[in-house]
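Descriptive analysis of the structure
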Amino acid sequence: KLLEVLRKQQQLIKNLLYLNKFEIQTGAARQKILRAQDKLQKSGTVLISRLKKEKGIRQKMNRFGEAREKILDIIGHRVIVSDFKQLDKVVKLFSEFGDTPTKSEMLLRNGKLQFPWLRDYRKSAHKGKSQITSSEYNEAVHMNRKVTGKISEIQIMTQDLFNRAFVSRSGNISHAQ
């Protein structure tokens, strides 16, 4: 069932990007960008969607003492854009995508943390920012949106950050697919 939700959300995201004149890279062009072998054009994007693996869900539940329904990134989408200007455009676009989760849906850590639905990593700090997040993870905005009845996390980041954070020097992708 979650895979079905992921696919529906993914199609809605693709439609939203296409309707707003963004070009989603596919096939060999997509792979070259994901391996840092090519640069995105101004209106180019790469979309990566995934379901968090059961092991990762359990680890997060144990680490934070959260119930499964409070794990807000079981369904995740990453949108890679060419630069800051495109980042701002896509953030604005997705800020109105689906519904904003309620405050109670975003209340984490057994009621001790009111997690913001939008987290701007270009800023130095925000509630819930992990201490392990590098100061160099600075060209991204994460947000939670409720689409097709389920909350998902959408990460929007520049290609430069994606390359620094997820592509090794050998061109291998880590934690990206």
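Residues numbered from 1 in each chain as written. Predicted model: local features only at pLDDT ≥ 70, side-chain atom pairs only at ≥ 80, totals over all residues. Heavy atoms only, no water.

What links the strands of a sheet is backbone hydrogen bonding, and the strands pair in either a parallel or an antiparallel sense. Reading across from one edge, 1-2-3-8-7-6 is the order of the six strands in this open sheet, with mixed pairing throughout. Edge strands, defined here as strands with exactly one partner in the open sheet, are strand 1 (23–24) and strand 6 (118–120). Along the sheet, helix 4 (residues 84–95) makes contact with strand 3 (75–81), strand 6, strand 7 (140–147) and strand 8 (150–158), crossing strand 8 at roughly 165 degrees. (Pairing = 2+ DSSP bridges. Helix = DSSP H or I, 4+ residues; strand = E, 2+ residues; numbered from the N terminus. Contact = heavy atoms within 4.5 Å. Axes fitted to C-alpha atoms, helices over the stretch in contact; angles between N-to-C directions.)

Positive phi is not limited to glycine here, since Lys21 has a value of about 70 degrees. When you line up the elements, Lys21 lands in the loop between helix 1 (2–19) and strand 1. Its identity as a non-glycine residue notwithstanding, Ala36 has a phi of 60 degrees, on the positive side. Relative to the helices and strands, Ala36 resides in the loop between helix 2 (27–34) and strand 2 (44–51). What makes Ala36 partly exposed here is its relative accessible area of 39%. (Buried < 20%, exposed > 50% of the residue type's maximum accessible area, 1.4 Å probe, protein only.)

Here we come to the side chain of Gln9. Checked against the element boundaries, Gln9 lands in helix 1. A polar atom in the side chain of Gln9 sits 3.2 Å from the backbone oxygen of Lys150. Within polar-contact distance, the side chain of Gln9 engages the side chain of Ser152 at 3.1 Å. Ignoring anything within four residues of it in the chain, the contact list for Gln9 reads Ile75, His77, Phe97, Val147, Thr148, Lys150 and Ser152. (Polar contact = N/O pair within 3.5 Å; in protein donor to acceptor, adjacent residues only side chain to side chain.)

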